[in-house]
Amino acid sequence: MSDIHFNKEKGSQLKLFTPGPVEVPERILQELAKPNDTHRSIPYEEMHEKVVEGLQKLLYTDNDCFIFTSSATGVMEACVRNLVKSDEKALFLSIGAFGDRWYNIGVKNGKNSTKEEVEWGRALKPEFVKEALEKDNYNVVFLQSNETSTGVYNPLEEIVPIIKDSGAVVCVDTTSSIAGVKVEVDKLGIDVCLASVQKCLALPPGLAVASISKKALNKAENVENRGHYFDFVYFNKKNQQNQTPTTPPIPQIRALAAQLDYILNQEGLEERFKRHARLGKRTRIWARDAGLEMFSESGFESNTVSTMKNSLNIDYAKMVSEMLSKGYRIVNGYGDLKNKTFRIGHMGEVSIKELENMLEDLTDVISALRLNKIS
Ligand SMILES: Cc1ncc(COP(=O)(O)O)c(C=O)c1O
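Residues numbered from 1 in each chain as written. Predicted model: local features only at pLDDT ≥ 70, side-chain atom pairs only at ≥ 80, totals over all residues. Heavy atoms only, no water.

Of regular secondary structure, the protein chain possesses 13 helices and 14 strands. For a compact globule of 375 residues, the expected C-alpha radius of gyration is about 21 Å, and the protein chain comes in at 21 Å, within 12% of that figure. Among the 375 residues that make up the protein chain, the fraction classed as buried is 56%. Partitioning the contacts of the protein chain with sequence separation of at least 6, the portion at a separation of at least 24 is 72%. (Helix = DSSP H or I, 4+ residues; strand = E, 2+ residues; numbered from the N terminus. Rg over C-alpha atoms; globule rule 2.2 N^0.38 Å. Buried < 20%, exposed > 50% of the residue type's maximum accessible area, 1.4 Å probe, protein only. Contact = heavy atoms within 4.5 Å.)

Printed below as a string of structure tokens:
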């Protein structure tokens, strides 16, 4: 195993330009190493309360925020199980691989699930959403803010109010945007806003968070077969006591508390969003200059992950492996988009300078590949 991938003393030395998990800053690694009291203790409860307050600020909401020992997919399933009754209808608005995943979760849980999709690379538009909602009476609607496979950001400000007007409960998976892009939960009326922490929050994987509206909580109370591990009603009861239902990864929650404090009180939310916007713009300019067309529709490009087409007909697997030898991890396309696209994640704590250094090396690798200098 190469020293750069797994250094016994220092851990991985790779620079991750991935759409998650991303690099975790040293100050967070230090938090993770600190000792903790148990999860049934006053110090834990104080920490839990601090995290909930931080999440409310991050998500611009007064709703309760839950902390899950799970990745985002667990909470996606939890939404399906807690919010869709057996005689109700669920609508999944998909613009890519993660939208499809949510629909499949609906189907696998035996819920009456309908998928309405747009061509990959495109965003949801108000007209499309209106037409989809008019086809039936949907009780719950599921969608992504940022589709990490295609690098498309949905215009939430335009489409969530349309869904709200239909009376449906709205669940938004903000996994690859929270803490990188502003999502104003209460202003938009999002009932469940969920995300895992290994992306723009720059924490190690293993936790997910979500804000849950009163409407969603009241609904969950009347849904049967919610299961046990992710039962929102039980989560709410424990959350009121600043607790989780089962033993959480306490060091991770300490790290989340520290990271929220850093984001809110040191970098500042607006500055963080601006930095991500700059990272997105810089990457798109680089792609244009390199002759690489964006996979994402113009005007709806993500500021946290860029997906580029294979306009130059490059062997992307080779490109990724050559970048690895230079100490960078970028990633090939997701699922069906493998080799048709590649992705650069620019989320978490990445600075413009670090991005530019990586892009310089990537430009060299692309030139060498085009001149057949790399076998
Ligand atoms: C938009 C989106 N939703 C859901 C997921 C699944 O997240 P997790 O791996 O934390 O379950 C991902 C992961 O990349 C994602 O990007």
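Here a ring pair, both rings aromatic, is described through the centre-centre distance and the interplanar angle of the planes. In this structure the tally under the stated criterion is 13 aromatic pairs. Taking the centre distance of 6.0 Å and the plane angle of 70 degrees together, the rings of phenylalanine 92 and tyrosine 103 count as edge-to-face. With phenylalanine 92 in strand S3 (residues 89-94) and tyrosine 103 in helix H4 (residues 97-108), the pair connects residues that are 11 residues apart, well separated along the chain. Assessed through its relative accessible area of 1%, phenylalanine 92 is described here as buried. Pairing tyrosine 229 with phenylalanine 230 gives two aromatic rings, centres 5.0 Å apart and planes at 85 degrees, and the pair type is edge-to-face. (Phe/Tyr/Trp six-rings, centres within 6.5 Å; stacked < 30°, edge-to-face > 60°.)

Spatially, S2-S10-S9-S8-S5-S3-S4 is the arrangement adopted by the 7 strands of the open sheet, whose pairing is mixed. A single partner strand is all that each edge strand has here, and the edge strands are strand S2 (64-68) and strand S4 (112-117). Strand-to-strand twist of the sheet, defined as the mean angle between neighbouring strand axes without regard to direction, takes the value 20 degrees. On the sheet, H4 packs against S3, S4, strand S5 (140-144), strand S8 (169-173) and strand S9 (192-196) and is oriented at approximately 165 degrees with respect to S4. (Pairing = 2+ DSSP bridges. Axes fitted to C-alpha atoms, helices over the stretch in contact; angles between N-to-C directions.)

Where side chains of opposite charge bring their charged atoms close, a pairing between them can arise. Considering all chains together, one arrives at 24 salt bridges under this definition. The salt bridge partner of glutamate 293 is lysine 309, with a shortest N-O separation of 3.0 Å. Taken together, the positions of glutamate 293 in the loop between helix H11 (269-290) and strand S11 (305-309) and lysine 309 in strand S11 put the pair 16 residues apart, joining distant regions of the chain. For glutamate 293, a relative accessible area of 46% puts it in the partly exposed group. Salt bridges sharing partners connect three or more residues here, namely Arg27, Glu267, Arg272, Arg275 and Glu349. (Salt bridge = Lys/Arg side-chain N within 4 Å of Asp/Glu carboxyl O.)

As far as domains go, the protein chain holds domain 1 (15-24 + 269-370) and domain 2 (26-265). Summarising the inter-unit geometry, the C-alpha centres of domain 1 and domain 2 are found 26 Å apart. Between domain 1 and domain 2, the residue contacts involve 26 residues of the former and 41 residues of the latter. Per-residue buried area on domain 1 facing domain 2 is highest for Val24, Leu269 and Phe300; these three make up 26% of the total on that side. Viewed at the interface, domain 2 and domain 1 are joined by 4 salt bridges. Between arginine 27 and glutamate 349 there is a salt bridge, with its nearest N and O atoms 3.7 Å apart. (Domains from an automatic or database assignment. Buried area = accessible area lost by both parts, 1.4 Å probe.)

Now for the site of the ligand. Close to the ligand lie 14 residues; Ser71, Thr73, Thr148, Asp173 and Lys199 are nearest. A distance of 2.6 Å separates an oxygen atom of the ligand from a polar side-chain atom of lysine 199. Its free accessible area being 390 Å², the ligand has 88% of it covered by the protein chains. Here the ligand occupies the second largest pocket. For the shell around the ligand, the leading source of residues is helix H3 (residues 72-83), giving 3 residues. Of the residues assigned to the shell around the ligand, the class counts are 3 nonpolar, 8 polar and 3 charged. (Near = heavy atom within 4 Å. Polar contact = N/O pair within 3.5 Å; in protein donor to acceptor, adjacent residues only side chain to side chain. Areas by Shrake-Rupley, 256 points an atom, 1.4 Å probe, with all protein chains shown as cover. 1 Å grid on protein atoms, 1.4 Å probe; cavity = no way out; pocket = protein on both sides within 12 Å on 5 of 7 lines; lining within 4 Å. Sits in = over half its atoms within 2 Å of the grid points. Nonpolar A, V, L, I, M, F, W, Y, C, P; charged D, E, K, R; others polar.)

Glancing now at the layout of surface pockets. Approximately 370 Å³ is the volume attributed to the largest pocket. Looking at side-chain class alone, the lining of the largest pocket contains 7 nonpolar, 3 polar and 4 charged residues. No fewer than three residues from each of domain 1 (15-24 + 269-370) and domain 2 (26-265) sit in the lining of the largest pocket. The wall of the second largest pocket is formed by 20 residues, among which Phe98, Arg101, Thr148, Thr175 and Lys199 lie closest to the centre. Of all the secondary-structure elements, those providing two or more residues to the lining of the second largest pocket are H3 and H4. Within the lining of the second largest pocket, the residues separate by chemical class into 5 nonpolar, 11 polar and 4 charged. Among the domains, domain 1 (15-24 + 269-370) and domain 2 (26-265) are the pair contributing at least three residues each to the lining of the second largest pocket. (Points joined across faces, edges and corners; volume = space filled by probe spheres on them.)

Turning our eyes to something else, we now look at the side chain of threonine 244. The residue threonine 244 is located in the loop between helix H9 (232-240) and helix H10 (250-267) in this model. Threonine 244 sits in the buried class, given a relative accessible area of 4%.

Attention now moves to the sheet that holds strand S13 (residues 331-332). Overall, antiparallel pairing links the 3 strands, which are arranged S11-S14-S13 in an open sheet. A strand with exactly one partner marks an edge of an open sheet, and here the two such strands are S11 and S13. As defined by bridge partners, S13 adjoins strand S14 (residues 341-345) across 2 bridges and the pair is classed as antiparallel. Bridged to valine 331 within S14 is arginine 343.

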